[in-house]
Amino acid sequence: MTTLITGGTGRTGLGLAKLLHAANYPVLIATRTGVAPAPFKAVKFDWNDASTHEAAFDTADPPVDQVYIVGPPASTDVALHTKFVELAISKGVKRFALMSATVVGPDANSPFPAGVVHQQLIDAGVDFVVVRPTWFIRKQHIVSLSYKNFDNLGITNFSTIFSAAQDGKVPFVSTEDISQVVFEGLTAEKSPNDSIFVVGPELLTYEDAAKIISSVLGRTITYKRNTIEEQAALYTQVGAPADYAKLLAALDADVATGTEEAVFNDAEAAAKGRLFVGKHTLLEFFKEGKNVQAK
């Protein structure tokens, strides 16, 4: 049976595809272009075109019985997500993996589609794993919930990291570690049917991050402590809808109160197997990225 991976050419999706392929599980990558890197099969899939959703299931061979859901960036269209899950269940999907975030729990009234889908999976009685990473490392920036970033634009154009997190600490996590958790959740003989928090191995402030990046790049990267209003304006500049930008900025500011640090130190979650601590550090990531660019 096949695992359909939405966002299949993204870092967590492609990482998952590679892990599944290496373990001899059939994979179908869903992309807007219908193209994926070898050796993977791909199918055209557009979140905003329901006809492509149907086709993704109908063209799969062997049939799809697992789905990894990575919603479209900044989308607040809950129905778009829930209808897709309903379709998947009707097509025989038995297990789901959902990309969410540490701050987004199951809630039918959540402003974040991932929270609504999380609750939907619980209510549907299907097998699932909800992966709830902290802010994660991707390409040249750190991202959570699409627009919260220690961002490439700021580092490249201004040599500055912008955040409303003040001096709050974050256990930045790599996409490789996230993919590993998704893989384990989908391939476990007994489905977790729970959410798993995914964090990196160390707690860092953005000031710490700026120093690490400076040491690797060989130039000074500074950290600008934004207000919530300034951060919201930044998110709108990179494409977030105004209301969503305000929500993200508020979550950004919550880091200053210790929200992400609390997840990292959650002994109860760790004891119950609901906390995965990754191996990849921020320093290692930027060193690897610099080495790749140098080749």
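The coordinates are above.
Analysis parameters
- Residues numbered from 1 in each chain as written.
- Predicted model: local features only at pLDDT ≥ 70, side-chain atom pairs only at ≥ 80, totals over all residues.
- Heavy atoms only, no water.
- Buried < 20%, exposed > 50% of the residue type's maximum accessible area, 1.4 Å probe, protein only.
- Helix = DSSP H or I, 4+ residues; strand = E, 2+ residues; numbered from the N terminus.
- Pairing = 2+ DSSP bridges.
- Right-handed = clockwise from strand over helix to strand, strands pointing away.
- Polar contact = N/O pair within 3.5 Å; in protein donor to acceptor, adjacent residues only side chain to side chain.
- Salt bridge = Lys/Arg side-chain N within 4 Å of Asp/Glu carboxyl O.
- Core = buried A, V, L, I, M, F, W, Y, C linked by side-chain atoms within 4.5 Å.
- Contact = heavy atoms within 4.5 Å.
- Axes fitted to C-alpha atoms, helices over the stretch in contact; angles between N-to-C directions.
- Parallel < 35°, antiparallel > 145°, perpendicular 65-115°, else oblique.
- Left-handed = near helix turned anticlockwise from the far one by under 90°.
- Nonpolar A, V, L, I, M, F, W, Y, C, P; charged D, E, K, R; others polar.

Draft legend 1. Seen up close, the pairing of strand β2 (residues 27-31). Taking burial as the measure, the 5 residues of β2 include 5 buried ones, the bulk of the element. Alternating residues of β2 divide into Val27, Ile29 and Thr31 and Leu28 and Ala30, and every residue in both groups is buried. The pairing of strand β1 (residues 2-6) with β2 spans 4 bridges and is classified as parallel. Of the residues in β2, the one forming a bridge with Thr3 is Val27. With helix α1 (residues 11-22) bridging β1 and its parallel neighbour β2, the resulting β-α-β unit is right-handed. In the sheet, β2 pairs with strand β3 (residues 41-44) via 4 bridges, with the strands oriented parallel.

Draft legend 2. Layout of the environment of Thr160. Assignment of secondary structure puts Thr160 in strand β10 (residues 160-163). The exposure class assigned to Thr160 is buried, which follows from its relative accessible area of 10%. Here the alpha-carbon distance between Thr160 and Lys224, two residues 64 residues apart in the chain, equals 6.6 Å. Among the polar contacts made by the side chain of Thr160, one reaches the side chain of Thr222 at a distance of 3.2 Å.

Draft legend 3. Fine view of the pattern of salt bridges. Tallying each qualifying case throughout the model produces 8 salt bridges. Note that Asp194 and Arg274 form a salt bridge whose closest N and O atoms lie 3.2 Å from each other. With Asp194 in strand β12 (residues 194-199) and Arg274 in the loop between α11 (267-271) and β14 (275-277), this residue pair connects regions lying 80 residues apart in the sequence. Note on Arg274: relative accessible area 21%, which makes it partly exposed. In this structure, a network of salt bridges that share partners links the residues Glu54, Asp58 and Lys91.

Draft legend 4. Expanded view of unusual backbone geometry. With an omega of 10°, the peptide bond running from Ala38 to Pro39 counts as cis. Note the cis peptide between Asp61 and Pro62, where omega equals 0°. Its place among the elements puts Pro62 in the loop between α2 (50-58) and β4 (64-69). The phi angle at Gln166 is positive, at roughly 55°, despite the residue not being glycine. Note on Gln166: relative accessible area 29%, which makes it partly exposed. You will see that Asn193, though not glycine, has its phi angle at about 50°, which is positive. Along the chain, the position of Asn193 falls in the loop between α6 (175-187) and β12.

Draft legend 5. Inspection of the nonpolar core at higher detail. Membership of the largest hydrophobic core comes to 25 residues, with the highest contact counts inside it found for Leu4, Phe57, Val67, Ile69, Phe84, Phe96 and Leu121. Put simply, the parts of the chain that give this core at least two residues each are β2, α2, β4, α3 (78-90), β5 (95-99), α4 (113-124) and β6 (127-133). Take this core: its biggest share by element is 5 residues, from α3. Apart from residues no more than four positions distant in its own chain, Val67 is found in contact with Leu4, Phe57, Phe84, Val93, Arg95, Phe96 and Ala97. The next biggest cluster of nonpolar side chains, apart from the first, holds 23 residues, and it includes Val27, Ala36, Phe136 and Val182.

Draft legend 6. How the structure looks around the packing of α2 against α3. Two elements in contact, α2 and α3, have axes whose closest approach is 11 Å; the angle formed by their N-to-C orientations is 25°. Between α2 and α3, the angle is such that the two are roughly parallel. For α2 against α3, the interelement crossing comes out right-handed. Contact residues: His53, Glu54 and Phe57 in α2; Phe84, Leu87 and Ala88 in α3. For the contact of α2 with α3, the class distribution of residues is 4 nonpolar, 1 polar and 1 charged.

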